[in-house]
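# Architecture and fold: a report
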Amino acid sequence: MIIAIDGHAGSGKSTIAKLLAKKLGYTYVDTGAMYRTVALYVLRNHIPLEEPAIVKAMENIDIYLEDEKVYLNSEDVSDLIRTEEIGHLASQIARFKEVRKILVNLQREIGKKAKNVVIEGRDTATVVFPDADIKIFMTASQQVRAKRRVEQLKQKGFNVPYEHILQKVIERDKLDMERKESPLRPTEESIIIDTTDKTIDEVIDFIIEIVKKKE
Ligand code: C5P
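Residues numbered from 1 in each chain as written. Predicted model: local features only at pLDDT ≥ 70, side-chain atom pairs only at ≥ 80, totals over all residues. Heavy atoms only, no water.

Put simply, helix 1 (residues 13-24) and helix 9 (residues 200-214) touch, their axes get as near as 10 Å, and they point 50 degrees apart. Judged by the inter-axis angle, helix 1 sits oblique to helix 9. The handedness of the crossing between helix 1 and helix 9 is right-handed. Here Thr15, Ile16, Leu19, Leu20, Lys23 and Leu24 of helix 1 come into contact with helix 9, specifically with Ile200, Val203, Ile204, Ile207, Ile208 and Val211. (Axes fitted to C-alpha atoms, helices over the stretch in contact; angles between N-to-C directions. Helix = DSSP H or I, 4+ residues; strand = E, 2+ residues; numbered from the N terminus. Parallel < 35°, antiparallel > 145°, perpendicular 65-115°, else oblique. Left-handed = near helix turned anticlockwise from the far one by under 90°. Contact = heavy atoms within 4.5 Å.)

In structure tokens:
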């Protein structure tokens, strides 16, 4: 069983995908973490933001996912990749076709090895697993997504103004939805879930009902 969850940054997709995988006992695959890991390597090694340079650098990058942990050449980078800067850089890197090809192959390999998978990202239902058993597209208003992010940052001890975060949300949506390569969009079969006024538990219960019907 493959459950592919795509959606906007801040739509709640990561939180929900993680909890869902835990509840169902499925393997969790965070594809965004892979783009973020490449971004971290690019930033640290001052690699120019050009496709050939990044593709070459990827020969030296080994990405390994284990539950919710992410390893870059055996270093645990799970927390280091969760900054705004890395998120934005990941979005820029994710425009490159050849970079996507390498990461999509890796994602398919992981998917093939695991029996049951919850995979989340931007193109998991459109490109990575077009035959996924269940396809979900998650969204929420830009304002609510910005508010959630401000709260998240506050909990980590950072006070970032709402207006600034809202601007970042708008920019990232534009980058992800308007790019040529694998733009973020629902498929015809996708079940669209708007989480603006929903709790995490409501969304999880809703998806579990869909899984039960498919099993
Ligand atoms: O989901 P997350 O915010 O961690 O992803 C970071 C960035 O990586 C996204 O904004 C998007 O540009 C890119 N990404 C992608 N395809 C995926 C997952 C993430 O292009 N499957």
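Counted at 1.5 Å a residue, the expected span for helix 7 (residues 142-155) with its 14 residues is 20 Å, and the 20 Å between its end C-alpha atoms agrees. Of the residues making up helix 7, those classed as buried are Val144, Arg145, Ala146, Arg149, Val150 and Leu153. In this fold, the buried residues of helix 7 make contact with helix 4 (84-93) and helix 8 (162-178). Following helix 7 by one or two positions, Gly157 has its phi on the positive side, about 95 degrees. (Expected span 1.5 Å × (residues − 1). Buried < 20%, exposed > 50% of the residue type's maximum accessible area, 1.4 Å probe, protein only.)

Before going further, it helps to spend a moment on the pattern of salt bridges. As enumerated under the stated definition, the model contains 17 salt bridges in all. Salt-bridge contacts for Glu68 lead to Lys22; the nearest nitrogen and oxygen are separated by 3.5 Å. Of this pair, Glu68 sits in the loop between strand 3 (63-66) and strand 4 (69-72) while Lys22 sits in helix 1, and the two are 46 residues apart along the sequence. Overall, Glu68 belongs to the partly exposed group, its relative accessible area being 40%. For Lys22, a relative accessible area of 62% gives the class exposed. One salt bridge connects Lys135 with Glu189, and the closest N-O pair in it is separated by 2.8 Å. On the criterion of sequence distance, the pair formed by Lys135 in strand 7 (residues 134-139) and Glu189 in the loop between helix 8 and strand 8 (191-194) is long-range, its members being 54 residues apart. Among the charged side chains, a network of salt bridges with common partners joins Arg122, Asp176 and Arg179. (Salt bridge = Lys/Arg side-chain N within 4 Å of Asp/Glu carboxyl O.)

On to the UniProt feature "domain: Cytidylate kinase" (unreviewed entry) in the protein. UniProt's entry tags residues 3-212 with the feature "domain: Cytidylate kinase" (unreviewed entry), counted in the numbering of this structure. Helix and strand shares over residues 3-212 are 52% and 16% respectively, and the end C-alpha atoms of the span are 12 Å apart. (UniProt positions renumbered as here; feature names shortened; annotations may be inferred.)

When the UniProt feature table is mapped onto this chain numbering, "binding site: ATP" (unreviewed entry) sits at Gly7, His8, Ala9, Gly10, Ser11, Gly12, Lys13, Ser14 and Thr15. Its location among the elements puts Ala9 in the loop between strand 1 (2-7) and helix 1. If near-sequence neighbours (up to four positions away) are discounted, Ala9 is found in contact with Arg122, Arg145 and Arg172. With respect to the helices, strands and loops of the structure, Lys13 is situated in helix 1. Once you skip the residues sitting within four places of it in the chain, Lys13 turns out to touch Ile5, Asp6, Gly7, His8, Glu120, Gly121, Arg122 and Met138.

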